[in-house]
Amino acid sequence: MRSKRAVWFVAVIAGGVIGAGSLTAQSPQPRQGGPLDSPSAVKQFRSDDPLAVDNDSVADASSVKEVELSEGFDLLVNQFGSPGDRTARRAVNVNTIDEVPNSSWFTNRIGVRDLTIAEIVRGANTFEPAEARNWQEWTIVGGKGFGGFQPGFRAERPGDPGRVYQLEVDPRLHPRLSTGAEFIGTLVYHAAGYNVEDFYLIKVRPENLTISDKATIKDPSGERKYTTRDLANVLSVAATDAEGYVYLSAQRRTDGDDLGHFQYHGTRSDDPNDIYPHEHRRELRGNRVFGAWLNHDDSRALNTRNVRIKAGGRNYVRHYMHDFGAILGSGTRFPDPAISNHEYFIEQGASVRQLFTLGLSTPKPLRTDGPDDMPPSVGWFESTTFEPELWKANYPNTAFLNLRPDDAFWAARLVSRFSDEAIQAMVGSAGYDDPVAAAYLARTLIERRDKIARVWLNGVNPIVDVTLSPTGVLAFTNAAVQARVASHGTYTISWGRFDNSAGTVSEVSVERQTEPRGAVPASLMVGHGYITVTIWSQHAEQPGWSQPVRVFFRNDAAGWTTVGLDRLTSGPAAPSQ
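A quick note: this is a predicted structure, and the numbers were derived from the prediction, not measured.

(A) Expanded view of the sheet that holds strand S6 (residues 209-219). Across the sheet, which stays open at both edges, the 7 strands sit in the order S5-S8-S4-S3-S2-S6-S7 with mixed pairing between neighbours. The sheet terminates laterally at strand S5 (198-204) and strand S7 (222-225), the two strands that pair on one side only. For this sheet the average axis-to-axis angle between neighbouring strands, irrespective of direction, equals 30°. Of the pairings in the sheet, the one linking strand S2 (residues 138-143) to strand S3 (residues 152-156) comprises 4 bridges and is antiparallel in character. Bridge pairing in S3 links Gly143 to Phe153. Along the sheet, helix H5 (residues 177-192) makes contact with strand S4 (165-169), S5 and strand S8 (246-252), crossing S5 at roughly 155°.

Right, here's the structure in full:
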């Protein structure tokens, strides 16, 4: 079996070191009133805080050029270099309530409301998944046009003229290993809030695949006519069902100009809307948590896509997560080996041990037997030895390395909002003919979700959804308790008046509660202005809860509005009542 590690070394040699285009670090210009790491820092709120939308499509991006980025370059820069900024700092693109606003990178979905099962299973797709299963006639218009390790071709279908899909196959002995994984990954990332493209699962008889007279393919000798032999080469390695239908995926590209990939560090100097260093964007840092959940060890620049969108007379860049064929134990052309997600391609300590023991120092994952019930449609994907905080991608990723507890909490909360029923529905819609594979994947995803919630929801004070009613009733939610990975402890609540001009707090009173609620002192209910509440959570089994959360409210004609939330990393100890 070929390993992805070996494949990547070949890619380095063959791909060469191709420049990444115009990628530089610009000074961020954050539009936010915080958040702050220190309770003594001065902050001020504006009338429109908290921002729900980061309008990063304002400046014209018509001059942005396509970035050429090779696999070898990306691996070398990240494995052996130190790109981007590793300064320990809070994510720069969060708003004043410590959330990620909607932008060209991310749109809040499951994080702000309960999605229906139908919405989750539909994802970003233009057509219903059930409708796509009836797509039988395809005309091949060329070889694969936008990279990837998985065999396939480009084709059009009669019901969608002029639209080119990329069709890819599963390895012969592992039906739905790659296509099923990619379908599930696309649904997960869309529901979480990332931009993804249409992705469908189909099965087609080989005789229903015809080749256009104009179809071409590129090979080492250049561009030439696509032939029946090219198609036969793809089908020769493809999985088929008992009736001879070929398992296929069909990806439908988004309209717009393909601008290549984005990297997990720096910004693009030719995109005036790209002002936040990517390594300090919370949605990119938090992608490490989704990577751990799904075992997306292939998280890298080559699996992203930038598209120039033309709308309303403006041009702007939308950023996509792309290519999830190597998740859930899939290596696209083969099942993942046990070593995946435990080590980088090159580990200094592991390499030295292997050298001095003449290869006898076997990595721990290779000494671990896989689950006895792991079916052929699943690679090495299990939950028993899974430790979220130790998970690794194939090689270093600056945004992942910058992950802080508050970033991990944000992402883990999104993961925890995928219910058992939603996970089972996504897997059930992924076209596995083997019911054992579907049951195994759903169970493993649920178990890994719970481990992620247990580790990262308890890594900070898990207070969320803090509100103050017109009558002064304080209510909040403990996200760890909500996810059933902790029990309530006790809560110390300190009230104060906040001077928005000076950025100072005058403490008024303290109360203790065993439930997530409180009551504002009567003296703070008088007049318009700002008040603040600081909440300490105490639990003998949860040391990560020790730092306080400070919340700010503004009183105006609409009542009390939550305008700020800081997860303090150096806050004071809880006061005595």
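The structure having been displayed, the exposition proceeds.
(B) Representation of the packing of aromatic side chains. One pass over the structure, following the stated rule, counts 23 aromatic pairs. Between the aromatic rings of Trp105 and Phe262, the centroid separation amounts to 4.9 Å while the plane-to-plane angle is 65°, which identifies the pairing as edge-to-face. Pair noted here: Trp105 is in the loop between helix H2 (71-80) and helix H3 (117-122) and Phe262 is in the loop between strand S9 (257-258) and strand S10 (267-268), with a separation of 157 residues, a long-range link. By relative accessible area, Trp105 is classed as buried at 4%. Between Phe127 and Tyr200, the aromatic rings sit 6.1 Å apart at their centres with planes inclined by 55°, giving tilted as the arrangement. Taken together, the positions of Phe127 in the loop between H3 and helix H4 (129-132) and Tyr200 in strand S5 put the pair 73 residues apart, joining distant regions of the chain.

(C) Layout of the pairing of strand S18 (residues 529-538). Summarising burial for S18: 8 of the 10 residues are buried, a large majority. Relative to S18, strand S15 (residues 490-499) runs antiparallel, the two sharing 9 bridges. When the bridges of S18 are listed, Tyr491 appears paired with Ser537. Across 7 bridges, the pairing between S18 and strand S19 (residues 549-556) is antiparallel. Residue pairing across strands places Ile531 opposite Phe553, the latter belonging to S19.

Definitions and cut-offs
Residues numbered from 1 in each chain as written. Predicted model: local features only at pLDDT ≥ 70, side-chain atom pairs only at ≥ 80, totals over all residues. Heavy atoms only, no water. Pairing = 2+ DSSP bridges. Helix = DSSP H or I, 4+ residues; strand = E, 2+ residues; numbered from the N terminus. Axes fitted to C-alpha atoms, helices over the stretch in contact; angles between N-to-C directions. Contact = heavy atoms within 4.5 Å. Phe/Tyr/Trp six-rings, centres within 6.5 Å; stacked < 30°, edge-to-face > 60°. Buried < 20%, exposed > 50% of the residue type's maximum accessible area, 1.4 Å probe, protein only.

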